[in-house]
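Summary of the model geometry
Spelled out from the first residue to the last, the chains are:
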Amino acid sequence: MSIRAITAVALLFATSAHAETVWDMHINFPTGNFDTQNAIKFADAVKAETNGDVVINVLAGGSLGLKGPEVLGAVRDGIVPIAHFHLDTAVGDEPFFGIQGQPYLTRNFDEAAKLDALAKPVYEQIAERNNQKILYSVFWPGAHLYTKAPVAEVTDLESLKIRTANKSSTEFLSDVGAAPALMPWADALVALASGGLDGIATSATSGVDGKFWEFMDAVTTTSYVNPTAVVSVNLDSFNKLSAENQQIIADIAERMQPEFRSVAEQEDSVRLKELADAGMKVSEPSDALSAALEGAAEKQWDHFAETSGPDARPVLDAYLLERN
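Now for a look at the structure at hand.

Describing the overall build of the protein
A tally of helices and strands in the protein yields eleven helices and eleven strands. In terms of overall dimensions, the protein has a C-alpha envelope of 85 × 45 × 30 Å along the principal axes. Counting all 324 residues of the protein, 50% fall into the buried class. Long-range pairs, those at least 24 residues apart, make up 76% of the contacts in the protein between residues at least 6 apart in sequence. Taken as a whole, the protein presents about 14,800 Å² of accessible surface, with 52% of it coming from carbon and sulfur. Charge separation in the protein, taken as the distance between the mean sites of 24 positive and 45 negative side-chain charges, equals 4 Å.

Observations regarding the pairing of strand S4 (residues 132-139)
Burial runs high along S4: six of the eight residues are buried. Pairing of S4 with strand S10 (residues 228-234), which is carried by seven bridges, proceeds in the antiparallel orientation. Paired with phenylalanine 139 across the strands is threonine 228, a residue of S10.

Overview of the sheet that holds strand S1 (residues 21-26)
The sheet built from five strands is open, its strands ordered S2-S1-S3-S10-S4 with mixed pairing. The open sheet terminates on both sides in strands that have one partner only, identified here as strand S2 (54-59) and S4. With direction set aside, neighbouring strand axes in the sheet form an average angle of 20 degrees. The strands touched by helix H2 (residues 34-49) are S1, S2, strand S3 (82-86), S4 and S10; relative to S2, the strand with the most contacts, the crossing angle is about 165 degrees. This element, helix H9 (residues 243-277), spans S1, S2 and S4 of the sheet and lies at about 20 degrees to S4.

Considering the packing of H2 against H9
At a minimum axis separation of 10 Å, H2 and H9 run at an interaxial angle of 155 degrees. In terms of axis orientation, H2 runs roughly antiparallel to H9. Like other packed secondary-structure pairs, H2 and H9 cross with a definite hand, here right-handed. Residues Phe34, Asn38, Lys41, Phe42, Ala45, Val46 and Glu49 of H2 form the contact with H9, whose participating residues are Ile248, Ile249, Ile252, Ala253, Arg255, Met256, Glu259, Phe260, Val263, Ala264 and Glu267. Of the residues assigned to the contact of H2 with H9, the class counts are twelve nonpolar, one polar and five charged.

What counts and what doesn't
Residues numbered from 1 in each chain as written. Predicted model: local features only at pLDDT ≥ 70, side-chain atom pairs only at ≥ 80, totals over all residues. Heavy atoms only, no water. Helix = DSSP H or I, 4+ residues; strand = E, 2+ residues; numbered from the N terminus. Buried < 20%, exposed > 50% of the residue type's maximum accessible area, 1.4 Å probe, protein only. Contact = heavy atoms within 4.5 Å. Areas by Shrake-Rupley, 256 points an atom, 1.4 Å probe, with all protein chains shown as cover. Lys, Arg positive; Asp, Glu negative; His and termini not counted. Charge placed at Lys NZ, Arg CZ, Asp CG, Glu CD. Pairing = 2+ DSSP bridges. Axes fitted to C-alpha atoms, helices over the stretch in contact; angles between N-to-C directions. Parallel < 35°, antiparallel > 145°, perpendicular 65-115°, else oblique. Left-handed = near helix turned anticlockwise from the far one by under 90°. Nonpolar A, V, L, I, M, F, W, Y, C, P; charged D, E, K, R; others polar.

Shown next, in the form of structure tokens:
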């Protein structure tokens, strides 16, 4: 056998011995989004610390064509091996996943962490029965109220047409006298520009992205929901890895999760400052407004507890006891 042939055979065996496991990761947000950047950092760490045995391709902007409610099932069935998604988009399949999306239940990142610690064992059980493992989770910046004039008391919301992103937020704002309109983000921007909306309920990040100062003057930092985003991996795919690589990936996720959560918290404060610098009046809700919002939200909490399985009421009650 020639030296060239021997070299070719050696390379073949070397390639087989170090063959990559390649996972395409779905994520709905663009590359510049803070949580997409988190996912890219995670993927880079996995590749480095597994010596290239596991490669995660982060496919941003929803390029795999999955919509939010479809992602849980796509990971479960192995259509995608790994994905980033918000838990409350999967409530059609798993109602308990909506706990972190209940309005005015968590109003800052510390409260979100308290709720997450109590809900985590249930999340893990749900993930396992859906053939997947949650690697890490991040609390997103809270939803604030953007309006043309400051909201000093609950009556200031009366009849205001405010865009919302989900059913619970729509019912919540309706209960405090507003006229919420559930609509996609793209439609909301068109309606805002044309004068078809009086306000929007969304994060500081979205407020900057949408240049809301061109249409509205005030931001009330209600932070009335801190939705949880997770990166979850298909268990069949995960279990095909060596025990060593499984542990490496789990360790990376545990190590990086606090960093990723901190990035989200910084995102909120940085973007609020940008909104203020652009001329918007940024203010916290008054005690009276906060009390009115919580009173309206309790109706949503009770509905969640009654309709979201046997774990919903115990976790909710334990959290409220700890929060108060």
